Amino acid sequence: MSAALPAPHGERRFPGQHALGQRDHWDDATAAVVLARMGPPGELTFFTEAEAATVGALLDQLMGQDREPRVPLLNAVDARLAAGETDGWHYADLPEDGETWRRSAAGLDADTRARGGTGFAEAPAPLQEAVLTDVQGLPGEWHGMPAGHLWNLWMRYACTAFYAHPWAWDEIGFPGPAYPRGYANLGRDRREHFEVRDAHPGESA
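First things first, this report covers the structure right here in the doc. Nothing here was measured: the structure is a model prediction, and the numbers come from that model.

A separate point is the overall build of the protein chain. Summing up its helical and strand segments, the protein chain has 7 helices and 2 strands in all. Overall, the protein chain shows an N-to-C arrangement of helices and strands of α-α-α-α-α-β-β-α-α. A separation threshold of at least 6 residues defines the contact pool for the protein chain, and within that pool the share at least 24 residues apart is 69%. Surface exposure of the protein chain reaches about 10,900 Å², of which carbon and sulfur atoms provide 53%. Across the protein chain, the mean location of the 17 positive side-chain charges is 7 Å away from that of the 30 negative side-chain charges.

What follows is the structure in structure tokens.
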């Protein structure tokens, strides 16, 4: 992925925002961490090929990624699970995170095949959305797991992966790490000289 590529999601709410343009204001350790996220995604080591296809499609649906370029959500989640880097807790009525993700992939494929005769990853976007809407609105269990807690886990992992990436920072007007420069112009509706004004203030994201 090239740092020169635009943020991947539609009209820019913060036109001119480019977090990577602040690289010279970061120390070397900070810059290395951030710039590594712009490099080629690492190889998948946790999910099987079939699981990866399903989980990748799920994550893209959750974060509204329907075209290139995309934040490599699947690779980030796979790397976390392979390294055992969870949130440090899990719901008592859910399996450990890795097992929950594997069961999620199997359940999504089963539901999608029952409705459309194809796996989740191969299904058209409207069918994927319909299957996920059913899970989101379910008050009880889904494939032996509480749907509400499962949805929470999906979103935690998806949002963590998405908002760790500089493209996402550009979408929300975040100029990147403040260290070591820091912030000085503090206060409501005040911005640093390197921050970009919201083109649509008052509107929800």
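Tallied over the full model, the rule gives 9 salt bridges. Of the charged contacts, one joins Arg-156 and Asp-87 as a salt bridge, the two residues approaching to 2.7 Å between their closest N and O atoms. Note that Arg-156 is positioned in helix α6 (residues 147–162) and Asp-87 in the loop between α3 (73–83) and α4 (97–116), a separation of 69 residues in sequence. Here Arg-156 falls in the buried class, since its relative accessible area comes to 17%. With relative accessibility at 32%, the residue Asp-87 sits in the partly exposed group. If you follow the salt bridges from partner to partner, you end up with Asp-60, Glu-68 and Arg-70 in one network.

A word on α4. Between its terminal C-alpha atoms α4 stretches 28 Å, which fits the 28 Å expected from 20 residues at 1.5 Å a residue. Within α4, the full set of buried residues consists of Asp-97, Gly-98, Thr-100, Trp-101, Ser-104, Ala-105, Gly-107, Leu-108, Asp-109 and Thr-112. Contacts from the buried residues of α4 go to α2 (49–62), α3, α5 (125–136), β1 (141–142), β2 (145–146) and α6.

Now for the side chain of His-165. Residue position: His-165 is located in the loop between α6 and α7 (166–172). Separated by 3.2 Å, the side chain of His-165 and the backbone oxygen of Arg-37 make a polar contact.

What follows covers the environment of Asp-170. Its location among the elements puts Asp-170 in helix α7. Through-space distance from the C-alpha of Asp-170 to that of Val-196 is 9.6 Å; in sequence the pair is 26 residues apart. A distance of 3.3 Å separates polar atoms of two side chains, one belonging to Asp-170 and the other to Gln-17.

Next up on the list: the environment of Ala-147. With respect to the helices and strands, Ala-147 occurs in helix α6. Separated by 122 residues in sequence, Ala-147 and His-25 place their C-alpha atoms 44 Å apart. With residues up to four places along the chain from it excluded, the contact list for Ala-147 reads Val-135, Leu-138, Gly-140, Glu-141 and Trp-142.

Moving on: the packing of aromatic side chains. Applying the stated criterion across every chain, the model contains 8 aromatic pairs. Residues Phe-162 and Tyr-163 carry aromatic rings whose centres are separated by 5.0 Å and whose planes lie at 85 degrees to one another, so their mutual orientation is edge-to-face. A residue is classified by how much of its surface remains accessible, and Phe-162, at 2% relative accessible area, is buried. Residue Tyr-163 is classed as partly exposed on the basis of its relative accessible area, which comes to 37%. Relative to Phe-194, the ring of Tyr-183 lies with its centre 5.8 Å away and its plane at 50 degrees, an arrangement referred to as tilted.

Before going further, it helps to spend a moment on helix α1 (residues 28–36). The set of residues buried in α1 consists of Thr-30, Ala-31 and Val-34. For α1, the angular spread of the buried residues around the axis is 95 degrees, confining them to a single face. Opposite its buried face, α1 presents the exposed residues Asp-28, Ala-29 and Ala-36, each directed more than 90 degrees away.

Parameters and conventions
- Residues numbered from 1 in each chain as written.
- Predicted model: local features only at pLDDT ≥ 70, side-chain atom pairs only at ≥ 80, totals over all residues.
- Heavy atoms only, no water.
- Helix = DSSP H or I, 4+ residues; strand = E, 2+ residues; numbered from the N terminus.
- Contact = heavy atoms within 4.5 Å.
- Areas by Shrake-Rupley, 256 points an atom, 1.4 Å probe, with all protein chains shown as cover.
- Lys, Arg positive; Asp, Glu negative; His and termini not counted.
- Charge placed at Lys NZ, Arg CZ, Asp CG, Glu CD.
- Salt bridge = Lys/Arg side-chain N within 4 Å of Asp/Glu carboxyl O.
- Buried < 20%, exposed > 50% of the residue type's maximum accessible area, 1.4 Å probe, protein only.
- Expected span 1.5 Å × (residues − 1).
- Polar contact = N/O pair within 3.5 Å; in protein donor to acceptor, adjacent residues only side chain to side chain.
- Phe/Tyr/Trp six-rings, centres within 6.5 Å; stacked < 30°, edge-to-face > 60°.
- Arc of directions from axis to C-beta.

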